[in-house]
2 protein chains.
Amino acid sequence: MTEPDKTRHKIIAAAKSRIAHYGYTKTTMAELAQDCDMSPGNLYRYFSGKLDIAEAICRQSSAETAEELTKVAARPGRTAAQRFHDFLFEDLRTTFQRLENSLKLVEMAHIVATERPGFYQEGLCNERKVLRLILEMGNASGEFRVADTEFVAEMIQSATMKFSYPQLFTRLPLDRLERELQGVYEILIAGLRAGIHASDPAPELAPPGMRAQQRETA
Amino acid sequence: MTEPDKTRHKIIAAAKSRIAHYGYTKTTMAELAQDCDMSPGNLYRYFSGKLDIAEAICRQSSAETAEELTKVAARPGRTAAQRFHDFLFEDLRTTFQRLENSLKLVEMAHIVATERPGFYQEGLCNERKVLRLILEMGNASGEFRVADTEFVAEMIQSATMKFSYPQLFTRLPLDRLERELQGVYEILIAGLRAGIHASDPAPELAPPGMRAQQRETA
DNA sequence: TGGATGAATATTCAACGAATCGTTCATTCG
DNA sequence: CGAATGAACGATTCGTTGAATATTCATCCA
């Protein structure tokens, strides 16, 4: 690791520790600089701003999750359905655990996601790669019949959105969330097995592309 | 309709109109009282507070939606899959339309949902009744194989959460949302047809009830 | 006596000045 | 000469305060 890279990591570690303790808004660049034994100005040699430090922390954590999920998806001797199940629950548990470990880091993640919408998309995209892998394994083994894996992976992310950032949408405890996720899993897995083909919209009335403008209240 | 009920409705109508125009926080009880030709204090004979008036507006609108969805679910000459499709898209369109018609009423709904979490649950519960009806029709016709309709209805609501309050979670335009909903529908309908039985969790590793505490980062 | 009033009171809100913080850059250090 | 500093600047946040607003209640009307 090159010297400036070392410094970058030192800053990230110090920031993560301080922010986890005091929160993003309550940690100042001056304090962070002190933790790193440098001047505030010098931080800007390594990051172009405070938000970039927070983004780096998120990116690191996101990479860890992606790596873990990839590992989970590749466990030997599992069916594709089991891999899919492992994937969903590992994801829920790691994000939930992160939340419980430090509400402050969640607050930070929320700020980053708000101010840098692109970053959130990027994370979804990485996760989707693992999902596609699982779908393709299922197709190969004959368990699944998924034609467009990219599209179906996107839809799975839509359907499990409630579990991606549990703390943002609901205030349910982990066991309730797990029960719900189990239910959603069961429906999704039944669909994956039966196969997804763009069939059966709803012909005569209300075709998918139509806008409803004329109706008032009925 | 009894006399006090008439007054209640007059207040609700006036409040809805004013709030749609000026927003919840910007409409005062004094103004609302003037609109109704009464004193501010008298409003408290009919509603125990400002928030209760807002809740009444929401409840009315929610009842209209429920009625409309019930009607949609009961259209003659449709398959259960088509009814399910109609239901999902009608719901998305009406909520989206409400949003476009008046951002102010959405702001109000958001306040009510935040301050009165129970009310939101109640709405979900009403909607679930219609969902169950559709599932049962599908079971009767042999299209679906859903054992526990209450449970599956809940899971469908989890999986379509992203589309329930589009404005809250995402900023996607209607056509993007419809495309995503179509995809989620296709997976769900495949699952409903194949049948949902609480099968295939993931035996050896990571059983559903387990908490993950020991893992650090891997 | 049930229903409405509007003045009185408690709470919320918004504006503004003061202080803090993120960021920059001329200067110093090694 | 590259790397680091820390004082200076402008933007943002924060606490305070006074006005506006929700709510209550003693009083009045029909």
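Fair warning: this is a prediction, and the values are worked out from it, not measured in the lab.

**Student:** Help me out: how do you make sense of the overall build of chain A in this one?
**Tutor:** Looking only at helices and strands, chain A has 10 helices and 0 strands in total. Burial statistics for chain A: of 218 residues in total, 33% are counted as buried. Sequence separation of at least 24 residues holds for 65% of the intrachain contacts in chain A that already meet a minimum separation of 6.

**Student:** Looking at this structure, how should I read the environment of Q182 of chain A?
**Tutor:** Mapped onto the secondary structure, Q182 of chain A falls in helix 10 (residues 174-194). By C-beta crowding, Q182 of chain A is classed as partly exposed, having 17 other C-beta atoms within 10 Å.

**Student:** Quick question: what am I supposed to make of the protein's contact with DNA strand C here?
**Tutor:** Around DNA strand C lies a shell of 15 residues, among which T28, G41, G49 and K50 of chain A together with G41 of chain B are the nearest. Looking at the surface near DNA strand C, the elements that each hand over two or more residues are helix 2 (29-35) and helix 3 (40-43) of chain A together with helix 3 (40-43) of chain B. In terms of residues, the surface near DNA strand C owes the most to one element, helix 3 of chain B, which gives 3 residues. Residue composition of the surface near DNA strand C, grouped by class: 6 nonpolar, 7 polar and 2 charged.

**Student:** Looking at this structure, I do not really get the packing of helix 4 (residues 50-73) of chain A against helix 6 (residues 103-115) of chain A. What am I missing?
**Tutor:** A packed helix pair is summarised by two numbers, namely the angle formed by the two axes and the spacing between the axes. All names here are of chain A. Running from N to C, helix 4 and helix 6 cross one another at 110°; their axes reach a closest spacing of 10 Å. Classed by the angle they form, the pair helix 4 and helix 6 counts as roughly perpendicular. Viewed along their axes, helix 4 and helix 6 form a crossing whose handedness is left-handed. Contacts from L51, A54, E55 and C58 in helix 4 reach M108, A109, I111, V112 and E115 in helix 6. Broken down by class, the residue content of the contact of helix 4 with helix 6 amounts to 7 nonpolar, no polar and 2 charged.

**Student:** Looking at this structure, I do not really get the nonpolar core. What am I missing?
**Tutor:** When a protein is soluble and globular, its nonpolar side chains tend to lie buried together. Ranked by internal contacts, the top residues of the largest apolar core, which has 64 residues, are I187 and L188 of chain A together with I187 and L188 of chain B. Ignoring any residue separated from it by four or fewer positions in sequence, one finds I187 of chain A in contact with V152, M155, A159, L188, G191 and I196 of chain B.

**Student:** Looking at this model, I keep getting lost on the packing of helix 7 (residues 117-141) of chain B against helix 8 (residues 149-159) of chain B. Mind explaining?
**Tutor:** Residues and elements named next belong to chain B. Two elements in contact, helix 7 and helix 8, have axes whose closest approach is 9 Å; the angle formed by their N-to-C orientations is 120°. In terms of axis orientation, helix 7 runs oblique to helix 8. Handedness of the helix 7/helix 8 crossing: right-handed. Listed contacts from helix 8 to L124, R128, L131, R132, L135 and E136 of helix 7 are T149, E150, V152, A153, E154, I156 and Q157. Along the lines of polarity and charge, the residues of the contact of helix 7 with helix 8 split into 6 nonpolar, 2 polar and 5 charged.

**Student:** Would you take a moment to explain the protein's contact with DNA strand D for this structure?
**Tutor:** Surrounding DNA strand D, one finds 14 residues, the nearest of these being M38 and G41 of chain A together with T28, G41 and G49 of chain B. Within the residue set of the surface near DNA strand D, elements represented by two or more residues are helix 3 of chain A together with helix 2 (29-35) and helix 3 of chain B. If one sorts the elements of the surface near DNA strand D by residue count, helix 3 of chain A sits on top with 3 residues. Classifying every residue of the surface near DNA strand D gives 6 nonpolar, 6 polar and 2 charged.

**Student:** Any chance you could explain the environment of M108 of chain A here in plain terms?
**Tutor:** Residues and elements named next belong to chain A. Among the secondary structure elements, M108 is positioned in helix 6. You can call M108 buried: it has 25 C-beta atoms within 10 Å. Residues M108 and I57, spaced 51 residues apart in sequence, show a C-alpha to C-alpha distance of 9.4 Å. Contacts of M108, omitting those with residues within four sequence positions, involve I19, Y24 and A54.

**Student:** I would appreciate a short explanation of the domain arrangement of chain A in the present structure.
**Tutor:** The parts lose accessible area when they come together, and the size of an interface is often stated as this lost area. Residues and elements named next belong to chain A. Along its sequence, chain A is carved into domain 1 (1-48) and domain 2 (57-194). Distance between the C-alpha centres of domain 1 and domain 2: 30 Å. Each partner contributes to the interface: domain 1 provides 8 residues, whereas domain 2 provides 8 residues. Taken together, the residues of the side of domain 1 that touches domain 2 sort by class into 5 nonpolar, 2 polar and 1 charged.

**Student:** Explain helix 5 (residues 80-101) of chain A to me, please; I cannot follow it from the model alone.
**Tutor:** It helps to recall that an α-helix has 3.6 residues per turn; residues three or four apart then point in one direction. For helix 5 of chain A, spanning 22 residues, the distance from its first C-alpha to its last is 31 Å, which sits close to the expected 32 Å at 1.5 Å a residue. Counted residue by residue, helix 5 of chain A has 16 buried out of 22 residues, so it is predominantly covered.

Calculation criteria
Residues numbered from 1 in each chain as written. Chains lettered and ligands numbered in written order. Predicted model: local features only at pLDDT ≥ 70, side-chain atom pairs only at ≥ 80, totals over all residues. Helix = DSSP H or I, 4+ residues; strand = E, 2+ residues; numbered from the N terminus. Buried ≥ 20, exposed ≤ 12 C-beta atoms within 10 Å, placed from the backbone. Contact = placed C-beta atoms within 7 Å. Near = placed C-beta within 6 Å. Nonpolar A, V, L, I, M, F, W, Y, C, P; charged D, E, K, R; others polar. Axes fitted to C-alpha atoms, helices over the stretch in contact; angles between N-to-C directions. Parallel < 35°, antiparallel > 145°, perpendicular 65-115°, else oblique. Left-handed = near helix turned anticlockwise from the far one by under 90°. Core = buried A, V, L, I, M, F, W, Y, C linked by C-beta atoms within 7 Å. Domains from an automatic or database assignment. Expected span 1.5 Å × (residues − 1).

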